[in-house]
Amino acid sequence: MSHQNKVFVLDTSVILYDHNALDSFEEHDVAIPLTVLEELDRFKKGSSVLNRNAREFIRRLDEFAGDNLLREWIPLNGASRGSVKVIVPQKDDETARRLFGADNDHRILDAALGLKSQVGERRVVLVSKDINLRLKARALELPAEDYKHIKIEDLENLYRGRSEVALADPDAMGRLHSEGFLPWEEVSEEQPQANHFYILSCQQSSALARYNARRGGLERIVKEPAYGVTPRNAEQTFALHALRSEDIPLVTLTGPAGTGKTLIALAGALEQSRSFRQIFLARPIVPLSNKDLGYLPGDVQSKITPYMQPLWDNLRFIKNQFDAASRAFKRLDEMIEKEKIEVIPLAYIRGRSFSRCLFIVDEAQNLTPHEIKTIITRAGEGTKIVLTGDIFQIDTPYLDTRSNGLSYLIDRLKGNPLYAHVNLEKGERSDLANLASELL
């Protein structure tokens, strides 16, 4: 145990978020309160990512810790790494429990406070994704911080997927309109991101375009409807173009409620349904009291139906764009009946491989980076994955705008030729919805 390094005390929330958290503190030491292991024991059964993270972390400790983890500091693997130890609060370490009550969070606080009194000059820091626990720690003069290993620092400059550019040469705009393509050197000397979208203007003319990295220039985009749904603004047009593009197997759509993310994703999927064997629709399910779907009554379909209702609402809206006697109307019913369109719970995709499928995941901001990775690694040959969500509307504890999987994916994959992102900004649900969004 080094005397000049810090000691980080990990809360349960950190381990449930990232089971590899022990590898994130470089040369510093890591302390695990015994109460955290007790909480992980309750999480180890189940099929969710939280359950898997709990199991993986417990296995990791068991591999190298042996029987000495409660008595001494065990070096972590690697020459420049610190050590790990399980700590327990002593009889005199009851400050947090006397002030706040005798629950597990406060036992963790007392264990950290007791460690702080034992290590002298060394800095002890509580690491937790629970904001309230961090506030209580600071009230007790215990330094506390969020887990930042998988976290976006510059959220304000998170990639948005599109830009506005004024062309100086009217002839260049004319060639883009007539030929559908414009070499990038006629636009700018700066290297653009692959699959970046542009709103171009020149005098009285304008155009929409995408930068094709393979061709080295801008491809003109024409506003076209998809399965009865017509894009209402440039961002929706960009989104439909990305959904239709065979060379872009991964698409993310972000934006506040009412901007048409889910509707556009579904319309784009239906428009090209003949190109895929199956269309899968999914939304993350936030279990009640950390219980799996299996605790709910009924079969799998009845368990997930309440969570998936927004997807069915959007499908119904698309179907109602057509006359009941039309082929498009009947075909949608046929696809649902024959399970060409299928709603599946995300918790049950582990181990599966999806080939020639189009996979739409709605509300993806409620997924961790590990869950996002699990979904994308299920993609087989010919599969396209579409993730939609609002990174400012997080419904899952311990995730925020900087640490959720959707933000992490956008930040890490921007500029990759296999990926396109569009941030939808303008609400298109109704004038009343827009009024409430702006003024209330």
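A. The arrangement of unusual backbone geometry in detail. Positive phi is not limited to glycine here, since Glu26 has a value of about 50°. Within the element layout of this structure, Glu26 appears in the loop between helix H1 (12-17) and strand S2 (29-33). Here the phi dihedral of Asn195 falls at roughly 60°; this positive angle occurs in a residue that is not glycine. Its place among the elements puts Asn195 in the loop between strand S8 (181-183) and strand S9 (197-202). What makes Asn195 buried here is its relative accessible area of 3%.

B. Seen up close, the sheet that holds strand S7 (residues 162-166). Pairing within the open sheet is mixed, and its five strands lie in the order S7-S9-S10-S11-S8. Edge strands, defined here as strands with exactly one partner in the open sheet, are S7 and S8. For this sheet, the mean angle separating the axes of adjacent strands, direction not counted, is 30°. Its contacts with the sheet put helix H7 (residues 170-179) on S8, S9, strand S10 (205-212) and strand S11 (217-221), and the angle it makes with S10 is roughly 70°.

C. View of the side chain of Asp18. Here Asp18 lies in the loop between H1 and S2. Buried within the structure, Asp18 lacks any salt-bridge partner; its nearest side chain of opposite charge belongs to Arg60, at an N-O separation of 8.6 Å. Excluding its chain neighbours within four sequence positions, the residues that come into contact with Asp18 are Ser24, Asn53, Tyr147, His149 and Ile150.

D. Main features of the sheet that holds S2. Pairing is mixed in the open sheet, where six strands are placed in the order S3-S4-S2-S1-S5-S6. Edge positions in the sheet fall to strand S3 (74-75) and strand S6 (144-145), since each of these pairs with one other strand and no more. The pairing of strand S5 (residues 124-127) with S6 spans two bridges and is classified as parallel. Residue pairing across strands places Leu126 opposite Ala144, the latter belonging to S6.

E. Structural context of the nonpolar core. If you look at the biggest cluster of nonpolar residues, it comprises 48 residues, and the most contacted ones within it are Leu22, Ile32, Val84, Leu115 and Leu126. Top contributing element to this core by residue count: helix H5 (residues 104-118), with six residues. Setting aside its immediate chain neighbours within four residues, Val84 contacts Leu22, Val30, Ile32, Phe64, Leu69, Glu72, Trp73, Ile74 and Leu76. Ranked by size, the runner-up nonpolar core spans 39 residues in total, among them Leu208, Tyr227, Leu243 and Phe276.

F. Spotlight on the environment of Ala139. Inspection of the secondary structure puts Ala139 in helix H6 (residues 131-139). Once the C-alpha coordinates of Ala139 and Ala96 are considered, the two residues, 43 residues apart in sequence, prove to be 10.0 Å apart.

G. Region of the structure containing the environment of Asp18. Asp18 gets classed as buried once you look at its relative accessible area, which sits at 9%. Distance from Asp18 to His370, taken between C-alpha atoms, is 7.7 Å for residues 352 residues apart in sequence. For Asp18, the side chain forms a polar contact with the side chain of Tyr147, separated by 2.6 Å.

The rules we used
- Think of each chain on its own: its residues are numbered from 1, step by step along the sequence as written.
- Only residues with pLDDT of at least 70 get local features here, since the model is predicted, and only at 80 or more are side-chain atom pairs given and counted; chain-wide, interface and lining totals rely on the full set of residues.
- Side-chain measures here rest on the full set of heavy atoms in the structure, leaving out hydrogens and waters.
- Numbered from the N terminus, helices here are DSSP runs of H or I no shorter than four residues, and strands are runs of E no shorter than two.
- Relative accessible area decides the class of each residue, using a 1.4 Å probe on protein chains only: under 20% of the type maximum gives buried, over 50% gives exposed, and in between gives partly exposed.
- One bridge is not enough; two strands pair if DSSP finds at least two bridges between them.
- Axis lines are fitted through C-alpha atoms, for helices just across the contact stretch, and the angle between N-to-C directions can take any value from 0 to 180 degrees.
- Residues are treated as being in contact if the distance between any of their heavy atoms lies within 4.5 Å.
- His is not counted, nor are the chain ends; Lys and Arg add positive charge and Asp and Glu add negative charge.
- Within this document, salt bridges are pairs made up of a side-chain nitrogen of Lys or Arg and a carboxyl oxygen of Asp or Glu, the two lying within 4 Å of each other.
- Nine residue types can take part in a nonpolar core, namely buried Ala, Val, Leu, Ile, Met, Phe, Trp, Tyr and Cys, and a core is a set of them joined through side-chain atoms within 4.5 Å.
- Residues adjacent in sequence count toward polar contacts only when both atoms are side-chain atoms; beyond that, a polar contact is any pair of N or O atoms within 3.5 Å, and within protein one must be able to donate a hydrogen and the other to accept it.

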